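# Results of the structural survey
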Amino acid sequence: MTTTVKPARVAATPAALDLIARLRGKHGAVLFHQSGGCCDGSAPMCYPQGEFLVGDGDVLLGEIGGAPFYIGAAQFDYWKHTQLVIDVVPGQGGMFSLDNGTGLRFLTRSRLFSDAELAHLAAAAPAADERA
């Protein structure tokens, strides 16, 4: 009998994990928030923990590089069928994000979950349990 591991709703590339480690070394504990806003709000934003208030309308997707990763509930409802893959590319980070000034910026890529992964996610943890 094989057991299926619950797929991660958020993952990070090695390059993103490296930048997260550097930011944690400089700023201490950090967290991410992915909102559905325009401009900087559409990028994953990295903040020092304690300087960004997570609200009742935010969903905890998981953790990357030791940092919790939240998404606005409306965006979660839109993207719940995808795995978010956080990467970095050359560029300027969001105005308030800790990646600003590093020469790199975080970028969200995504991939669709398979039908089997979606079924496992639905059985393992309803979306309401993932809310912050």
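Use the structure listed above.
Notes on the structure follow.

Definitions and limits used
Residues numbered from 1 in each chain as written. Predicted model: local features only at pLDDT ≥ 70, side-chain atom pairs only at ≥ 80, totals over all residues. Heavy atoms only, no water. Helix = DSSP H or I, 4+ residues; strand = E, 2+ residues; numbered from the N terminus. Buried < 20%, exposed > 50% of the residue type's maximum accessible area, 1.4 Å probe, protein only. Contact = heavy atoms within 4.5 Å. 1 Å grid on protein atoms, 1.4 Å probe; cavity = no way out; pocket = protein on both sides within 12 Å on 5 of 7 lines; lining within 4 Å. Points joined across faces, edges and corners; volume = space filled by probe spheres on them. Nonpolar A, V, L, I, M, F, W, Y, C, P; charged D, E, K, R; others polar. Pairing = 2+ DSSP bridges. Axes fitted to C-alpha atoms, helices over the stretch in contact; angles between N-to-C directions.

### Section: the overall build of the chain
Each helix and strand in the chain was counted, giving 4 helices and 7 strands. Written out in order from the N terminus, the α and β elements of the chain read β-α-β-β-β-β-α-β-β-α-α. Per-residue burial for the chain yields a buried fraction of 39% across its 132 residues. Relative to all contacts within the chain whose residues are 6 or more apart in sequence, the contacts with residues 24 or more apart total 61%.

### Some points on empty space enclosed by the protein
Evaluated as defined, the whole model comprises 1 cavity of 30 Å³ or more. Approximately 40 Å³ is the volume found for the largest cavity. Taken together, the elements giving at least two residues each to the lining of the largest cavity come down to α2 (73-79) and β6 (82-90). Class assignment for the residues of the lining of the largest cavity results in 5 nonpolar, 1 polar and 2 charged.

### Concerning the pairing of strand β5 (residues 67-72)
Consecutive side chains of a regular strand alternate in pointing toward one face of the sheet and then the other. Counting buried positions over the 6 residues of β5 gives 6, a clear majority of the element. Neither face of β5 is exposed, since A67, F69 and I71 on one face and P68, Y70 and G72 on the opposite face are all buried. The sheet contact formed by strand β2 (residues 30-34) and β5 spans 3 bridges and is parallel. Directly across from F32, in β5, lies its bridge partner F69. As paired strands, strand β4 (residues 58-64) and β5 are joined by 6 bridges and run antiparallel to one another.

### A word on the environment of V88
Take V88: it is sitting in strand β6. When neighbours within four sequence positions are excluded, V88 is seen to be in contact with T13, A15, A16, L19, R105 and F106.

### Remarks on the sheet that holds β2
The sheet built from 4 strands is open, its strands ordered β3-β2-β5-β4 with mixed pairing. Every interior strand has two partners, whereas the edge strands, β3 (45-48) and β4, have only one. Strand-to-strand twist across the sheet, computed as the mean angle between neighbouring axes with direction ignored, equals 30 degrees.

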